[in-house]
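Chains, contacts and geometry: an overview
The chain contents come next:
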Amino acid sequence: MCLFCNVIEKKTPATVVYEDEHAIAFRDIRPMAPTHVLVVPRKHISGIRDLSADDVTTIGQVFLVARHVAKLEGLEAHGYRLVVNDGDAAGQTVHHIHVHVLGGRNFAWPPG
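This one's a predicted model, so the numbers in the text were calculated from it and none came from an experiment.

**What to know about the environment of Asp-20**
- By the element assignment, Asp-20 lies in the loop between β1 (16-19) and β2 (23-27).
- Sequence separation of Asp-20 and Val-101 is 81 residues, and the distance between their C-alpha atoms is 17 Å.
- The contact partners of Asp-20, leaving out residues within four places of it in the chain, are Arg-42 and Val-65.
- Polar contacts involving the side chain of Asp-20 include one to the main-chain amide nitrogen of Ala-23, which spans 2.9 Å.

Take a look at the structure:
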């Protein structure tokens, strides 16, 4: 079972900031910004390349949760970044699709 599935099932501890029937949001254990929260769908989908038309609602809910987390974390006023990595070369280390909610500092473009 993947790491994020274990977090969802409460088998692996995490600092959860929000959860509902669609997704769970928890703090990244290696934060890249003052605020770094991962939003993970409860349904296991390995990555973007594995999405199907059946996943439209699931992914939409993940992005709505990401927006809600940004509001809860006080990021709306100054802005925040959402990141989705797909595959090893992109930096995806856990192969369960997820959105990084990053904020609390200015970000450069393009990212590294």
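Having seen the structure, we can now continue with the description.
**Points about a nonpolar patch on the surface**
- A contiguous nonpolar surface patch, about 430 Å² in accessible area, is contributed by Ile-48, Leu-51, Phe-63, Tyr-80, Leu-82 and Val-84.
- Residue placement: Val-84 occurs in the loop between β4 (81-83) and β5 (99-103).
- The exposure class of Val-84 is partly exposed, given its relative accessible area of 31%.

**Topic: the sheet that holds β2**
- Read from one edge to the other, the open sheet built from 5 strands follows the order β1-β2-β3-β5-β4, with strand pairing classed as antiparallel. The sheet is open, and its two borders are formed by β1 and β4, each paired with just one other strand. On average, each strand axis in the sheet is tilted by 20° relative to the strand beside it, whichever way the strands run.
- Together, β1, β2, β3 (35-41), β4 and β5 form the strand contacts of helix α2 (residues 56-72), whose direction differs from that of β3 by roughly 155°.

**Notes on the side chain of Thr-35**
- Among the secondary structure elements, Thr-35 is positioned in strand β3.
- Setting aside anything within four residues of it in sequence, one finds Thr-35 in contact with Glu-73, Leu-75, Val-101, Leu-102 and Gly-103.

**Concerning the pattern of salt bridges**
- One pass over the full model with this rule turns up 6 salt bridges.
- A salt bridge links Arg-49 to Asp-86; its shortest N-O distance comes to 2.5 Å. A residue pair is termed long-range when its members are at least 10 positions apart, and Arg-49 in the loop between β3 and α2 and Asp-86 in the loop between β4 and β5 qualify at 37 residues.
- Each of Lys-10, Glu-19 and Arg-42 takes part in a single network of salt bridges with overlapping partners.

Rules of the game
Residues numbered from 1 in each chain as written. Predicted model: local features only at pLDDT ≥ 70, side-chain atom pairs only at ≥ 80, totals over all residues. Heavy atoms only, no water. Helix = DSSP H or I, 4+ residues; strand = E, 2+ residues; numbered from the N terminus. Contact = heavy atoms within 4.5 Å. Polar contact = N/O pair within 3.5 Å; in protein donor to acceptor, adjacent residues only side chain to side chain. Patch = residues over 30% accessible without salt bridge, like charges linked within 9 Å, V, L, I, M, F, W, Y side chains within 5 Å. Areas by Shrake-Rupley, 256 points an atom, 1.4 Å probe, with all protein chains shown as cover. Salt bridge = Lys/Arg side-chain N within 4 Å of Asp/Glu carboxyl O. Buried < 20%, exposed > 50% of the residue type's maximum accessible area, 1.4 Å probe, protein only. Pairing = 2+ DSSP bridges. Axes fitted to C-alpha atoms, helices over the stretch in contact; angles between N-to-C directions.

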